[in-house]
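Inside the fold
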Amino acid sequence: MPWTMDDYPASLKNLDKPVKKKAIEIANAMVDEGYDEGRAIPIATNQAKEWKSNASDKEVKDFLKNDDPTKRDSNASHSNPDLIDNAEEVVPHEDGWAVQSKGSKRPSQVFDNKQDAIKRAKEIADNKGTETIIHKKDGSVQKRS
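Conventions used here
Residues numbered from 1 in each chain as written. Predicted model: local features only at pLDDT ≥ 70, side-chain atom pairs only at ≥ 80, totals over all residues. Heavy atoms only, no water. Helix = DSSP H or I, 4+ residues; strand = E, 2+ residues; numbered from the N terminus. Buried < 20%, exposed > 50% of the residue type's maximum accessible area, 1.4 Å probe, protein only. Areas by Shrake-Rupley, 256 points an atom, 1.4 Å probe, with all protein chains shown as cover. Expected span 1.5 Å × (residues − 1). Contact = heavy atoms within 4.5 Å. Pairing = 2+ DSSP bridges. Axes fitted to C-alpha atoms, helices over the stretch in contact; angles between N-to-C directions. Parallel < 35°, antiparallel > 145°, perpendicular 65-115°, else oblique. Left-handed = near helix turned anticlockwise from the far one by under 90°. Nonpolar A, V, L, I, M, F, W, Y, C, P; charged D, E, K, R; others polar.

You'll find the chain entered in an unreviewed UniProt entry as DUF2188 domain-containing protein, with Terribacillus saccharophilus given as the organism.

Structural notes on the overall build of the chain
For the chain, the count of helices and strands is four helices and five strands. Order of helices (α) and strands (β) in the chain, N terminus to C terminus: α-α-α-β-β-β-α-β-β. Looking at the chain residue by residue over its 145 residues, the buried ones come to 41%. Only carbon and sulfur atoms are counted for the fraction: they give 45% of the accessible area of the chain, which is about 8600 Å².

Side note on helix H4 (residues 114–128)
In a regular helix each residue adds 1.5 Å, so 15 residues correspond to 21 Å; H4 covers 21 Å between its end C-alpha atoms and thus fits that length. Of the positions making up H4, those classed as buried are Lys114, Ala117, Ile118, Arg120, Ala121, Ile124, Ala125 and Lys128. Along its buried surface, H4 packs onto helix H1 (17–32), strand S1 (88–93), strand S2 (96–101), strand S3 (109–111), strand S4 (132–135) and strand S5 (141–144).

A closer look at the sheet that holds S3
With mixed pairing, five strands are arranged side by side in an open sheet as S3-S2-S1-S4-S5. Edge positions in the sheet fall to S3 and S5, since each of these pairs with one other strand and no more. Pairwise comparison of adjacent strand axes, ignoring direction, gives a mean angle of 25° for this sheet. Pairing of S4 with S5 involves three bridges; the strand directions are antiparallel.

Considerations on H1
Counted at 1.5 Å a residue, the expected span for H1 with its 16 residues is 22 Å, and the 22 Å between its end C-alpha atoms agrees. Where H1 is concerned, the buried positions are Pro18, Val19, Lys20, Lys21, Lys22, Ala23, Ile24, Ile26, Ala27, Asn28 and Met30. Gly34 occupies a position one or two residues after H1 and carries a positive phi of about 105°.

Some points on the packing of helix H2 (residues 37–54) against helix H3 (residues 57–65)
The angle between the axes and the distance between the axes are what describe a pair of packed helices. Where H2 contacts H3, the axes come no closer than 8 Å and their chain directions differ by 125°. Considering their axes alone, H2 and H3 lie oblique with respect to each other. Counting all contacts with H2, which are made through Trp51, Lys52 and Asn54, the residues of H3 involved are Glu59, Val60 and Phe63.

Examining the packing of H1 against H2
Viewed as axis vectors pointing N to C, H1 and H2 meet at an angle of 135°, and their least axial separation amounts to 8 Å. In terms of orientation, H1 and H2 fall into the oblique class. The hand of the H1/H2 crossing is right-handed. Contact residues: H1 offers Pro18, Val19, Lys22, Ala23, Ile26, Ala27, Met30 and Val31, while H2 offers Glu37, Ala40, Ile41, Ile43, Ala44, Thr45, Gln47, Ala48, Lys49, Trp51 and Lys52. Its residues placed into classes, the contact of H1 with H2 shows 13 nonpolar, two polar and four charged.

Rendered as structure tokens:
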């Protein structure tokens, strides 16, 4: 069962909210990828602290603005369980490039760099056993894999 902001390991209890939320997100993704929970927590905590130290105030604010997706779905990267079998898409976004399940209303992640978005979309698609659809800036399909 994935961790949420309401149910998380005790080692995260003293972290400030953005670091805790990011650590939960990272740890859930690591466990989904096969990491042992005991290894995922300290790695995710360190990565979350590093993210916070490098993130702008706007990035932190935007991150906190989005609600906790794990409260709605057992799969941390999807807000709608009906989308689990849908392809992962890389689409243009006002802040760069978004990764989202086909048919979803909002992205699971947004990247400044298209290559980073493609890499993440492929990871998610591989885990779900679905295809990846990469779009051009104009919204047309560039590549399917």
